[in-house]
Amino acid sequence: MKKSIFSRIGIKSIYTSITAVFAAGAIVFSVVQIQSVLGKPEQYIGKTVTLIDFKGNLNVSDADLYDLIGIKVGDKLSLPAINAATKNIYNNGFFSDIHVEAKSYKDGVALYFIVIERPIVREVKFQGLSEINEQEMLEAVTIKEGEVYSEKKENESMQIILSRYQEEGLFNAIVKIRKEIIDEKLNSLRVVFLIDEGEDIKISKINLIGVHSVDAEDIMSIMELEEEGFIDDGTFKEYIYEKDKATIEEYYKTQGYLDANLEEARWDIRWKNPKKKDERVIVINYKVNEGDQYFYDGYDITWDDKFLNPYRKDKDNKPIPLFEKDKLEYYFEYTQGQIGNVFDYGKYMRDRGTINTMYSKEGYIFTRVIPERTTILLTKTDLDEKANSSIQKEKEKEGIDYYNIQKLRKILAENPELEGRKFLHTRFVIAEGDKGYIENIIVKGNKKTMDKVIRRELLINEGELFNSARVERSRQRVFNLGFFKNVNIEGRAGTTEGKINLIVDVEEQPTGSISLGGGYSTQTGFSIFTEVSENNLNGTGQRISGKVEFGPSRTAIEASWREPWIFDKPWSLTLSLFYMNSLIQTYSIDISDSDELAYYESESVGFTVGIGHRLFVNWGHYHRFSPMISRSTNPSSMVSDSVYRRVALEWQLKNKFTNGIYYDNLDNAFNPTSGLYFDFHIDTVGGIFGGDDHYNRYDPMASFYWWVFDYTFFNMIRKNILRRWRVVLEHRVSMSFTHLTAPVWKEQDSEENPYLEDIDRLLIGGYESLRGWNLYDVYYPDAWRQGGSHRILYGSELRIPVEPSVFWLVLFFDAGALYTNPNEYQLDESVTSDFKQSVYDSQLSLRTLSMDYFRYSWGFGFRLQIPVLPIRIYMAKRLEWDSSRGWFRNHSRADNFEFVFGIGDRRF
């Protein structure tokens, strides 16, 4: 038991209460003083109003009250006018009492409205909260800061708090309210909810009564409430209890018991040990009426001629169905070969829903699918009766066994114990109706985010034909903004036939953050960062951020701002600037047969201006201009001659212009489980844009996600909560191709100042590209360790969730290769013959696109999605291609596992 909070209310609270009593007494005394000199307004009926005054109002101005009463100076006083004025003031909600008095004044009457104002809530606090988040509770209660206080809101808020605790399984929570005066002159209050959360009562026993035909353990496995045990904590929640009631009936229907129902369901709180009475527990009882079991006997599809759509006609100008029968049946889960199986109501409902889905994609949202079910007893008598029915005889003329009589007779002959069982034959009658159009789109739930930020992500508009696929994609796009916990879109009937209203219901989440985290790069190592960001600035969808990063090998400062919709058009604008200082490791080629690394510092300053444009549903293009000045300093003694030349050049200008196009239909931008992302961009560096670097780089990239199965294992385990535990397979391919250009506006010696700097060469290895291999791996060809001009990477990951939003186990396979352009290297006498040969052997050609040229690795590990510090840890082993076997084998000179560490999604 938790200690009651009420024992801790101190002297300060008593003093505050006494002060409040004296303040209220002073107001009452002043009102009595005023009333002693004033008379009843009824005495002055018919006289002209010459003065109107207000007494007792503190937070509501005289002008606002004057607008409310409806009586003006110069009006003739009447009793209905006085009553209406009193009613208007009271209905305003700011006052607990209103009294009207009058006296003679300047040949007329002076009216005095004497009010007692309700206090204003300036602060709402909670004491004793631990099981429920304070921000969630602030949003739930009806007493709000800046609003008037009332006893009605007090009672509502207390009931809301108690309900929340009952949902969490805390049934004997106690809530009281303490009111503290903050400012007597402004009549403002601090409201403090004092909460004793009470005892956390666990579920001791769940009883299933009347369960005979199915395994009770199967039912228990799909229920979310569970008995307290070694693994399960036995927490009771009312809404899950109600959900489990429906789950039990749904399970029975999937087992063919279509008439099953819960005769009774109840839960009780009892003493775990009635003698000791030291701990209370919850016992839940479900009483089931199972009914008969049904078996599947096939489908038929037909159309109601009166409700065929008028847009599709045959050669005789008669309406015909929108879909062919075979096309609908192609998407059904049930097939003709499953006749005789237990009737799975869930599968049946999905098949029925398939028809509605296909029609709704074409805009026919009012299509009705009316099932006509025929029950057939597996007896000779009933089979003979169905065999002689008119519809059976009629279909037999077309060569169709409508009721599958021959199949049922065979089942009866082979399984006589099934005699008398019930088989269901279903005829779907489709009433197509007319197309449905969207009348209104209503956005709700957004308190901070502007309506337009949500509406501009929608792929549907008012007045357009309804399309279910575009509605679902719209929901995904709104969710992918990252501003909302949940996004739902529901349809409701419009004002006229053929119209529908769409309700976009969102639940907001915090979008601003001050973060302290870490990062890791194979080339620059560890670093820590502090970032301040707001992803939804003033509810406009704009993003502004500032970041400072520091580590032994890297220091960076970055600030950026992004407007995703310029002038409410699907064009984005991004501005950013940065400073970076990095310690770069590189491989020295000047000492033969050495794998010792060298280092130098790279310092750069620049900014980026970028625009983007979204096209169609999932396409978009973008363009960025990124000028940057940089220099290399402090080279170590082992660096190559090219680094020394770069140091001597001091500050260099690099102008990069990027043009790209992409396709994105991922279901979730933050944790994708299905969909495709494709990007192709071209970096134009230097050339007509000036600067000291001159090359073009072409980068196609694609990643594909597919969830193989979830933890229900294709519905073998019937537990709804397991459906979000999806095992996901990711395939990722990336390619880069570089070719040198030349300066346009100046002369430049490419030997002294290369068009492609060493730092811009492509590398391979490390967490980012080829796990298990190092950036300058000793088992690479010599040319690879110097960096390449072209690169091909492939990665495949199987992600197995341990907790879907936080932790996954990973099994992976990586492949990659680097390629050179010999004319980009200074292959003079100072370069070893082995290196020259390696450069020529690494040219991009059909020969080097072979399997034995690539480097490979496989491994396992995990992904831990800690906020601002997403950790990736793997064990990886090098592989090589065995041409004689036509398959992979462990690397002949390095077959041990390598530890691989990464922070963040820095993969290629």
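Preceding block: the structure.
No experiment lies behind these values; they were computed from the predicted model shown.

Colleague: For this particular structure, what's the right way to read the overall build of the protein?
Modeller: Summing up its helical and strand segments, the protein has 17 helices and 32 strands in all. Against the compact-globule benchmark of 29 Å for 908 residues, the protein has a radius of gyration of 38 Å, which places it well outside the compact range. If you line up the protein on its principal axes, its C-alpha atoms span 120 × 90 × 80 Å. Taken across its 908 residues, the protein has 45% of its residues classed as buried. Contacts spanning at least 24 positions in sequence make up 64% of the contacts within the protein whose residues lie at least 6 apart.

Colleague: Would you mind going over the pairing of strand β23 (residues 652-664) with me for this structure?
Modeller: Here is the key point about a regular strand: its side chains alternate between the two faces of the sheet. Examined bridge by bridge, strand β22 (residues 619-633) and β23 share 12 bridges and lie antiparallel to one another. Looking across to β23, one finds that Arg-624 is bridged to Thr-658.

Colleague: Just to check I follow, could you spell out the sheet that holds strand β15 (residues 499-508) for this structure?
Modeller: One open sheet holds the three strands; their spatial order is β13-β15-β14, and the pairing between them is mixed. This sheet does not close on itself; its edge strands, each paired only once, are β13 (437-444) and β14 (484-493). Taken pair by pair, the neighbouring strands of this sheet meet at an average axis angle of 20°, ignoring direction. With nine bridges joining them, β14 and β15 adopt antiparallel strand pairing. Note that in β15 the partner of Gly-491 across the bridge is Leu-502. In the packing of helix α14 (residues 468-479) onto the sheet, contacts are made with β14 and β15, and the angle to β14 comes to roughly 150°.

Colleague: Teacher, can you tell me more about the pattern of salt bridges here?
Modeller: Close approach of charged atoms allows side chains of opposite charge to pair. If you walk through the whole model with that rule in mind, you get 45 salt bridges. Salt bridges here are not isolated pairs; linked through shared partners, they connect Glu-730, Arg-732, Arg-771, Glu-797, Arg-799 and Asp-814.

Colleague: What exactly am I supposed to notice about a negative patch on the surface here?
Modeller: A cluster of acidic side chains, namely Asp-641, Asp-749, Glu-751, Glu-752, Asp-828 and Glu-829, defines a negative patch on the protein surface. Mapped onto the elements of the fold, Asp-641 is located in helix α15 (residues 641-648). Owing to a relative accessible area of 41%, Asp-641 belongs among the partly exposed residues under this scheme.

Colleague: Even after reading the chapter, I still don't get the nonpolar core, so can you show me in this structure?
Modeller: Note that soluble globular proteins tend to have their nonpolar side chains buried in a common cluster. Core analysis: the largest hydrophobic core is formed by 36 residues, its most contacted members being Tyr-359, Leu-378 and Leu-408. Here this core gets six residues from one element, more than from any other, and that element is strand β10 (residues 294-303). Among all residues touching Leu-408, those that are not within four sequence positions of it are Asp-297, Ile-339, Ile-376, Leu-378, Leu-383, Tyr-403 and Phe-423.

Colleague: Explain helix α5 (residues 151-167) here, please?
Modeller: Three- or four-residue spacings in an α-helix give side chains the same orientation, since the helix completes a turn every 3.6 residues. With 17 residues, α5 should cover 24 Å at 1.5 Å per step; its first-to-last C-alpha distance of 24 Å lies within 8% of that length. For α5, the complete set of buried residues consists of Glu-154, Ser-157, Met-158, Ile-161, Arg-164 and Tyr-165. Projected onto a plane normal to the axis of α5, the buried residues spread over an arc of 125° and lie on a single side. Considering only its buried residues, α5 is in contact with β4 (120-127), α4 (134-140), β5 (174-183) and β6 (188-196). Within two residues after α5, Gly-169 carries a phi angle of roughly 85°, on the positive side.

Colleague: What's the story with the sheet that holds strand β7 (residues 202-209) in this structure? I'm lost.
Modeller: Consider a sheet: its strands pair through backbone hydrogen bonds, and that pairing is either parallel or antiparallel. With mixed pairing, three strands are arranged side by side in an open sheet as β7-β9-β8. In the strand order of this sheet, the two ends are held by β7 and β8 (261-271), each with one partner. This sheet shows a mean twist of 15° between the axes of neighbouring strands, independent of strand direction. Sheet contacts for helix α7 (residues 238-254): β7, β8 and β9 (280-289); angle to β8, the most-contacted strand, approximately 145°.

Colleague: Explain a nonpolar patch on the surface to me, please; I cannot follow it from the model alone.
Modeller: On the surface, a nonpolar cluster with roughly 330 Å² of combined accessible area is contributed by Leu-575, Leu-577, Phe-607 and Val-609. Mapped onto the elements, Leu-577 comes out in strand β20 (residues 571-587).

Colleague: Help me understand the environment of Ser-572, please; the structure alone is not making it clear to me.
Modeller: Positionally, Ser-572 belongs in strand β20. Residue Ser-572 is classed as buried on the basis of its relative accessible area, which comes to 10%. Along the chain, Ser-572 and Ile-611 lie 39 residues apart, while their C-alpha atoms are 5.2 Å from each other. Leave out the neighbours within four places in its chain, and Ser-572 touches Arg-562, Glu-563, Pro-564, Ile-566, Gly-610, Ile-611 and Gly-612.

Colleague: Even after reading the chapter, I still don't get the packing of helix α10 (residues 380-387) against helix α12 (residues 405-414), so can you show me in this structure?
Modeller: Between two packed helices, the angle of one axis relative to the other and the distance separating the axes together describe the packing. Following both chains from N to C, one finds α10 and α12 inclined at 170°, their axes separated by 10 Å at the closest point. The angle between α10 and α12 places the two elements in the roughly antiparallel class. Contact with α10, carried on its side by Lys-380, Leu-383, Asp-384, Lys-386 and Ala-387, involves Ile-405, Leu-408, Arg-409 and Leu-412 of α12 and no other residues of that element. Of the residues in the contact of α10 with α12, the class split is five nonpolar, no polar and four charged.

Colleague: Would you mind going over the packing of helix α2 (residues 62-69) against helix α3 (residues 79-91) with me for this structure?
Modeller: The interhelical angle for the contact between α2 and α3, taken along N-to-C directions, is 130°, at an axis separation of 8 Å. Taken together, the axis directions place α2 and α3 in an arrangement best described as oblique. Read as a crossing pair, α2 and α3 show a hand that is right-handed. For the pair α2 and α3, the contacting residues are Leu-65, Leu-68 and Ile-69 in the first and Ala-85, Asn-88 and Ile-89 in the second. Of the residues that constitute the contact of α2 with α3, the class distribution is five nonpolar, one polar and no charged.

Colleague: How do you make sense of the packing of aromatic side chains when you look at a structure like this?
Modeller: Two descriptors summarise a pair of aromatic rings, namely the distance from one centre to the other and the angle between the planes of the rings. If you walk through the whole model with that rule in mind, you get 44 aromatic pairs. Ring geometry for Tyr-296 and Tyr-334: centres 3.9 Å apart, planes at 5°, overall stacked. In this pair, Tyr-296 sits in strand β10 while Tyr-334 sits in the loop between α8 (325-330) and α9 (345-361), placing the two residues 38 residues apart along the sequence. Centre to centre, the rings of Phe-483 and Phe-484 are 6.1 Å apart; their planes meet at 70°, and the pair counts as edge-to-face. Phe-484 sits in the buried class, given a relative accessible area of 1%. Each member of the aromatic cluster is reached from another via a ring pair, and the members are Tyr-296, Tyr-299, Phe-332, Tyr-334, Phe-343, Tyr-345, Tyr-348 and Phe-428. Seen from the ring of Trp-271, Arg-280 lies directly overhead, with NZ or CZ sitting 5.7 Å from the centre. Directly above the aromatic system of Trp-773 lies the positively charged group of Arg-878, at a separation of 5.2 Å from the ring centroid.

Analysis parameters
Here the residue numbers are simple positions, counted from 1 along each chain's written sequence. Whole-chain, interface and lining totals are the exception, using all residues; otherwise, since this is a predicted model, local features are given only for residues with pLDDT of at least 70 and side-chain atom pairs are given and counted only at 80 or more. Working from all heavy atoms in the structure, the side-chain values ignore hydrogens and water. Segments assigned H or I by DSSP are reported as helices when at least four residues long, segments assigned E as strands when at least two residues long, and all are numbered from the N terminus. The quantity called the radius of gyration is restricted to C-alpha atoms. Its globule counterpart is 2.2 Å times the number of residues to the power 0.38. Buried means the residue's accessible area, taken with a 1.4 Å probe over protein chains only, is under 20% of the maximum for its type, while exposed means over 50%, and partly exposed covers the values in between. Whether two residues are in contact is decided by their heavy atoms: any pair within 4.5 Å suffices. Whether two strands pair comes down to DSSP finding at least two bridges between them. The angle between two axes is taken between their N-to-C directions and runs from 0 to 180 degrees, where each axis is a line fitted to C-alpha atoms and a helix contributes only its stretch in contact. The working definition used for a salt bridge is a side-chain nitrogen of Lys or Arg within 4 Å of a carboxyl oxygen of Asp or Glu. For patch building, the residue pool is restricted to those with more than 30% relative accessible area and no salt bridge; the joining distance is 9 Å between like charges and 5 Å between nonpolar side chains (Val, Leu, Ile, Met, Phe, Trp, Tyr). A 1.4 Å probe and the Shrake-Rupley method give the accessible areas. Residues count as covered only by the protein chains that appear here. Just so you know, the count uses Lys and Arg for positive and Asp and Glu for negative, and it drops His and the chain ends. Lys charges are placed at NZ, Arg charges at CZ, Asp charges at CG and Glu charges at CD. To define a nonpolar core, start from buried Ala, Val, Leu, Ile, Met, Phe, Trp, Tyr and Cys residues and group those joined through side-chain atoms within 4.5 Å. Here the expected length of a helix is defined as 1.5 Å per residue gap, with one fewer gap than residues. Directions drawn from the helix axis to the C-beta atoms are what define this arc. When describing relative orientation, an angle under 35 degrees is termed roughly parallel and one over 145 degrees roughly antiparallel, while 65 to 115 degrees is termed roughly perpendicular and anything else oblique. Only Asp, Glu, Lys and Arg are considered charged in this grouping, and only Ala, Val, Leu, Ile, Met, Phe, Trp, Tyr, Cys and Pro are considered nonpolar; every other residue, Gly among them, is considered polar. Whether a crossing is left-handed or right-handed is set by the direction in which the near helix is turned from the far one by less than a right angle, anticlockwise for left-handed and clockwise for right-handed. Any pair of Phe, Tyr and Trp rings, taking the six-membered ring for Trp, is counted once the centres come within 6.5 Å. Such a pair is stacked with planes under 30 degrees apart, edge-to-face with planes over 60 apart, and tilted for the rest. In this scheme, the term charge over a ring applies when either NZ of a lysine or CZ of an arginine sits within 6 Å of the ring centre and within 35 degrees of the ring normal.

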